[in-house]
Each structure stands twice: as C-alpha cells, then as structure tokens.
Amino acid sequence: MSKTSDSSEFKKQHPFEVAKPHDMLPRSKWLREYYFKGAEREWNNEFSPFTTGTEWDILFNELNFYIVPEVYMYIGNKGKGVFETSFRSSAIPIDLPENFWDLSIPERRVLFFEKAMVDYIPYEIISENDLIAGGRYNTQLSHCLDNKETKKFWKKLIKTREKFFKFHKSGFGNTGATSGHIIPDYETVINKGFKFLHDKAKRSYENLSGKEKNGAEGAELRAMIRATEIPRKLAKRYAEECRRLKEDATPERAEELEQMAKSLERVPWEPAETFWQGVQAIWLTHMLIMAEESYPGAGTSFGRTDQHLWHLYKKDVIEEKTITKDFAKEILGSFWFHCNTAYDAMIRVGKQGITSGFGQLMTLSGCGPNGEDLTNELTYTILEVIDEWSPILEPKPNIRLHRNSPDKLLNIIVDMVSRAQGAPFLLNFDERSIAGMVLEGIPKEQAWDYACVGCLENTMQGNDRSGTVNCNPNLAKSIELTLWNGKNMPGNVVKDWTKEGEQFGPKTGDSENFETWEEFFAAWKKQIEFIIRYLVEVNNETEELRGNYLPTPYLSTFVRGCIEQGLDVRNGGAELSFITVEGVGYATTVDSLLAIKKLVYEDKKYTISEIKDALVKDFQGKENSIIQTTLIHKAPKYGNDNDEADELARIVMKTWADETWKYKTPTNFQYRPGMLSWNYWAGADAMLTPATPNGRNAATYLSNAICPTDGVDIKGPTAVTNSVGMALGGKTEHGEYINYLPNGASHTITFNPSILRVPENKEKFKSYLRGYIENGGTSLQINMIDADVLRDAQKHPENYENLLVRITGYNAYFTAIGKELQNEIIKRESHQI
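In this report, the structure presented in the accompanying data block is examined. These numbers come from a predicted model, not from an experiment.

It is worth spelling out the overall build of the chain at this point. Counting its secondary structure elements, the chain contains 31 helices and 18 strands. Whereas a compact globule of 833 residues would reach a radius of gyration of roughly 28 Å, the chain reaches 27 Å, a difference of no more than 12%. Along the longest, intermediate and shortest principal axes, the C-alpha atoms of the chain span 85 × 65 × 60 Å. Expressed as a percentage of the 833 residues in the chain, the buried residues total 66%. Here the contacts in the chain between residues at least 6 apart in sequence split such that 78% fall between residues at least 24 apart. For the chain, the exposed area adds up to about 29,500 Å²; of that, 49% sits on carbon and sulfur atoms. On the chain, the mean spot of the 100 positive side-chain charges and the mean spot of the 117 negative ones are 3 Å from each other.

Shown next as structure tokens:
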C-alpha cells in the first residue's frame, strides 16, 4: 500500500482533524501566515548583540540557562562557550560617553540599554497590516562590567558553576537565577503612564540624604529615573517612522499610521485613552522588558488583561462605538503576532527555533473580591481571537474558573476544547489557588487578584517577583538516599562528577535494618529535608551573583516596592519577593514509598535487601522482573482516589513543601513550594535517576508534576481529580480549601476527542470542570488527543506541522520534540467522561 493510500485510510478511521485557524479577519490572517514563513521572511526578530567593545566584555548570561540542561554543552569557560563567542563575534559596539566607566553598574546598564534600543536598533512597522509598533526586541546586551568587576564576576561564576554542575550531575535536579517569570505593573502603565513612575522615582531620590544619594540607593534611583524615560523616547522614534511611512501609503493606511503616531506620542508615557492605545502601551512596555533582560519572552506575562483593558474596550467598542469589535480583534491580532516573534531569537534552529513555548501568559476571567464573576465582553472577544488564531504558541491563555463562573463561559471553553485536538487549553481554579496565596501571606482581600506567569505559576500582579522556575529538585532522589544511607546507589556514577558510594545526604541508618515503616519514613524525611537544603545552598550563589552584577533598572521601575526602597527587583526590591521550589518526580516518589510500605512492611513479601538488589540490577533477570511486575501491579498507586495512597501523598507533599519555607536567599527572597516540572521528568533529571521502587526502570521518565505516574490512573478523571486535590491538602473540616503549593501545581490530563462529539458529553464535561473547582487542584491542562493520531504524526510528521500538545505548563509542536517525550505523551492515560 502506498504512503498516500495508507494516510487516506488512517484519516477515514480517525476523522478528528488537527486544530486549524479559522474565520480570521484579513489583517490577522496575513500576519499569521507571514509569521509562519519563519526564516523565509524578509524581516525577523533575531538576536541583536551589542558590546561595549572592551576585550573583557560579557554578553551571554549563562545563569538564565542553568535550568535548561539541553544547553549545558554550549557553556564554556571564561567566555569561550559557543553562545558567548558567537554573540561577541557578531556584536555591534556602542559608542559610550566618556564618563561611562565612572558610573555605577545599574547606571551603566540602563544607559547602555537605552542607547541600544533608542539609537541602534531599527524602528520598523512590520507591514501595512500591522497596527502595533514595536518590532525588534531580542537582544544580547553587554553586562557593562569594568575589567576589575569582570574578573571578580568570572571568579565567582566559575565557583558557582562547579557547585551547580555537581548538584545536577549527581541527580538532584537543577537550579539557577532565571530571568522573566513576572507580571509587572501593566495596570499602572495603562492608567497612569511612565510619567507617573518618573515623577515617583524623582521624589524618592530627592527624599534621600546626601550620603544616601552617593550610595547604592542613590545609584539605583538615578538608574530608574533614566529608565522611566526610555519607553517615551522609543515611542517617539516609532511615531516618526509611522509618519515617514504615511508619505507612500494609501489614504486609509495613512490615516491609520497617523493615529498610531499620535498614540505613540502619548503612550506609554501618559495614560491610555483608547483601547488601541492601551494595547500599544502594554506591548511597548513588555518588549522592553525582554530586551533589557536579554531573555526573549520566557515567563514575562501580562496578568489579567481583560480586566486591565476592559474600561477602554467598553468605552470604545460598546458605548461610544469609535471602533468596531472586528477592528479591536485586528488590534489584538497584531499583538498576537508580536508576542510570537519572541521565537525569532533562534529562528534558524528547528521549527521556528523552538521546541516549547516561552510562556507570555495572559490570564482571563476569574473572581472578584467577594467571589463575584469578572468575565466581561472583552474576555469573550479575546477568547475568539485565541480560538481563531489557534494553533499558535503565544500569548498563552489561562482562564480562571471558580464556583460562580457563568455557564456561557464554560460553554465556550468546552466548545473550544472540543475543536482543539492539538491546541491544548489551560485552566486555573480560583478557590484552591487563592488558598495558596493566603498561605504565603497575601491578605485574603487581595489574593483574589492573583494571576499566572509562564506556564501556570500563581503570583500577584505588579508587586511580585516569585522566581517561579528557579529551583527544580528531583524529589525521587530522596528514595535512593534513604535506601543507601545518604549515598548514591552502587553503579550510579557520572564520570568526573560523582564517585562510587559518595556520601551526599545525612547518615540515616542502614535501611536493611529498619524494622518498621515508621523508621523507614523517618529516614526518608531527613533525606528530603537535606535535598531542599542542598538546593537552597546552590541556588543562593546564583541569586547573589545576579543581584550584585546584573540589575534591571527598567523592569524595577514598574514593580511596586522597588522605587520606594531604591532597590532593584533582583535584589529583593519588590513588595513580594519569592523563589519557587518546583518539585519534580512527585508521584514517582509517592508510589515508591507506597510500594515499600505495602510490600516490605505490611505484606512482608520482599525485604529491603531484595528491593535494593533488584534496583541495582535495573530489574534485569527473571526474579527481578517478577519483583518489578509486583511493584507495579500489587502496590497502591496515587491517582485513583484511594484514601491510603492519597493520605501518604498528602504527607509527602506537606513534608517537602514545609521545608522550603525555612529558607531565604542572601537577596531576601523567601523560598516557597510549587510543582511545575517543565520537561525535566522526561529529560535530564530522568536520565540521571536510577531505577525506583515503583517499578520504574533507570533513565526512563519520572512522573510529571502533580500528575499520577503514567498509566496507573485507571479509575477515571474524577478519581484523579480527587487525588490531586487531596495531595494539595484537601479541605478543612469546615470546607475551606487547603493548598500547600502557593505557586500552583501542573496537572495535565488527556481525553480522546471522540468524547465531545456527543452533545450530552459536553454537558458531562462541564460538570467535570465544576467538580474540579470543588475537589481538584490549582491548574488543569487539557490535551484533546487521539493517541493513534500521535503515532501517525511520528510516521508522517509532514502532515502534522502545527500539531500542538501540552507537555506540562507549556505547549510544544509535537513533531519538534524528541522521540522519548513523544512516546511519554502517547503513553498518558486517555480518559473517558
């Protein structure tokens, strides 16, 4: 049979089309098609590197990528890595003022940033279909350190790097001070403008004493004052470009360009007066963050956009009708286009230069201070744009659901999900999420106004830097340390990094001598506490290094608390400063403990010695294979609404989560718990994890975030939901929600798309979502995927170029990810309603 006929036969048997864009307005259609031309476009937003021109200059910030194991091979010694040498060789020298090296580091960095963005990077309106100004923002900017500072920086960095790689190569996970992952105060920018922030910074500076003005606080505030003027200067440049383009434009386009120019002369310096200006203000402000951090998009999120812009949309579209709803959607379409050009940074690598989403997340809907629903017409308009543009990676939608969410919203979500095979959806659940925010100290009367960054991480808006992906410990390492008295498993050695029988954790006793489950579990608790403590020690070095040498004065101007304290956001200037510890391999850990408890201490079917021997041999051999089968099938498993399993899961969660609250960084960030896992469970962490007592083989994937182990959740989606809710703490006896993880927890669930072909099943799916609000977790990510379609995509990737799947908190093009990760997604239990 030919490939063509084989494919045709497959489509007959699986008539569920991969999601495609539909009903797009003309401008949006053009922009989307232009974007997907990728490297063939005549315009792109590739990295633009800029240097001071000194021989010691550093451009690439490797700290950003300590949490990305895939790039470790490109990090070299003292500027000799692939990224650093590439950027240095192509960097454009910036003409610096004579007194540049006399300035403080924050003043140098903001001056350099201003000159790059205002004087060197081109100002381009992408096409006649573009309604939003702000094109190039992917930068690699000089660290702006002098020779002496550079030597100190390298000395500290190399020491830190060695500690970090030791931590990672020993199987403990990864950690590093990462950029992005924040919701700045866009609401203030929209409603008050940078002029307000400029005046605020000047007042703070003027209130300093002479000694303070000559110290670090004065330097920070001078840098912030300068930073507040950069958006105005850049907007003026774009206004000039709009007027230049008017000369050769059609009358209709000339009118648009003049309107864009007038808007740019106002925003983001002054408050926005129209919806168009509001969107423009957000974008120009947003792209400058990515440029200053030289970090394209990752986690820099918009917050509750439908609330921030609602008053302007209501006035322009509904009340005064100065623009139509369709034109408002075209404005949003331009915004969508620009968000996705973040991927142009590495556009010549793979599919659009990416394998996953950067996570410019937009939070929609949700409750108000009294539990009332805040869904509005702009919410629905944005959902239309999302649906019409899908599949597309940015901006990622996160829809907040709660007890009072209207049926209209749920109906739209279910309809979108039913059409969304390959275009996954992210939902957040307010009651459980708000309980977590209250746990970390947010007053309940404020916690309702939380939003999500990056993938799904819960933070407050405009005053919160929560480092939501900085720390990713491999919780499953605790099982190995418990079984081998704080040492690595025999044979689990990484050349040049670990030794046979190396003592890592505390000596908690020979596990073969533990006579009771209580003894074993007490030893485990000491090992998991050690892992969190070890993680903090390593991460603190990266945080201190970043705080001392890599401040971000521009971002600091609109994160509340920084101007007031004269303190950079990276040094704890925000009103709320947290570092999130994102546990990896949770269900692997829980199921391993359940297996030992059941089969060793309760049923006495095996001894600890027999379990250890089977693990060392990776279950090879007939007897060990039988042990593996028994571990998999005869022990309770988290994810099936089993009271015993879920109670142990809850205790395990609370144990490691409580440990995080004991620590702070040298820059005064409080550690807090969460559960994201990114792709570590299927990648680097998994490869470094030996066999585990839940029956998992060495170097195979761990469990994903708060999800059950693949394939064991056999009681259906409601049972999984109940287990997830219990793992997070369940509810009090008075029915109040408990949430041990303020950051939130990623729960990805897969359904076969056939279930929503039947109308009554749509009602059942709505009921399932209502049930999740009551009993589930903080965040649900839905994959509507037919496993057979994924297998066909492996065979015929050319037919599935735009097939999106949910990994954990982020989307990825299925055909662009590795085979192991593809197989993991296929293996996930596909649930029925």
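On we go from here.
Relative to the assigned elements, Thr667 resides in the loop between helix 26 (643-660) and strand 13 (670-674). A polar atom in the side chain of Thr667 sits 2.8 Å from the side chain of Thr665. Apart from residues no more than four positions distant in its own chain, Thr667 is found in contact with Glu543, Glu544, Arg570, Asn571 and Gly572.

Okay, the environment of Ile782 next. When you line up the elements, Ile782 lands in strand 15 (residues 779-784). Sequence-wise, Ile782 and Gly441 are 341 residues apart; in three dimensions their C-alpha atoms are separated by 30 Å.

Right, let's talk about the sheet that holds strand 2 (residues 92-93) for a bit. Read across the open sheet, the three strands follow the order 2-1-3; overall the sheet is parallel. On the outer flanks of this sheet lie strand 2 and strand 3 (139-141), each paired with one strand and no other. Bridge analysis of strand 1 (residues 48-51) against strand 3 gives three bridges, and the strand direction is parallel. For Phe50, the partnering residue across the bridge sits in strand 3 and is Leu141.

Turning to the layout of surface pockets, a few remarks are in order. In this structure, the second largest pocket encloses a volume near 470 Å³. Along the wall of the second largest pocket there are 18 residues; nearest its centre are Glu431, Ile434, Ala435, Lys444 and Tyr737. The element contributing the most residues to the lining of the second largest pocket is helix 17 (residues 430-439), with five residues.

Evaluated as defined, the whole model comprises eight cavities of 30 Å³ or more. Of the voids in this model, the largest cavity is the one considered here, and its volume is about 170 Å³. Around the largest cavity, the lining is made up of 18 residues, and of these Arg109, Leu141, Ser142, Glu292 and Ser294 lie nearest the centre. With three residues, helix 4 (residues 105-120) is the single largest residue contributor to the lining of the largest cavity. Looking at the lining of the largest cavity, its residues break down into eight nonpolar, six polar and four charged.

Backbone torsion omega between Ser390 and Pro391 reads 5°, so that peptide bond is classified as cis. Position of Pro391 among the secondary structure elements: in the loop between helix 15 (377-389) and strand 6 (396-401). The peptide bond linking Glu394 to Pro395 adopts the cis configuration, its omega dihedral lying at -15°. Positionally, Pro395 belongs in the loop between helix 15 and strand 6. Within the chain, Lys321 stands out as a residue other than glycine whose phi angle is a positive 55°. Note on placement: Lys321 falls in the loop between helix 13 (310-319) and helix 14 (325-340). Positive phi values are uncommon outside glycine, yet Ala699 reaches one of about 65°.

Calculation rules
Residues numbered from 1 in each chain as written. Predicted model: local features only at pLDDT ≥ 70, side-chain atom pairs only at ≥ 80, totals over all residues. Heavy atoms only, no water. Helix = DSSP H or I, 4+ residues; strand = E, 2+ residues; numbered from the N terminus. Rg over C-alpha atoms; globule rule 2.2 N^0.38 Å. Buried < 20%, exposed > 50% of the residue type's maximum accessible area, 1.4 Å probe, protein only. Contact = heavy atoms within 4.5 Å. Areas by Shrake-Rupley, 256 points an atom, 1.4 Å probe, with all protein chains shown as cover. Lys, Arg positive; Asp, Glu negative; His and termini not counted. Charge placed at Lys NZ, Arg CZ, Asp CG, Glu CD. Polar contact = N/O pair within 3.5 Å; in protein donor to acceptor, adjacent residues only side chain to side chain. Pairing = 2+ DSSP bridges. 1 Å grid on protein atoms, 1.4 Å probe; cavity = no way out; pocket = protein on both sides within 12 Å on 5 of 7 lines; lining within 4 Å. Points joined across faces, edges and corners; volume = space filled by probe spheres on them. Nonpolar A, V, L, I, M, F, W, Y, C, P; charged D, E, K, R; others polar.

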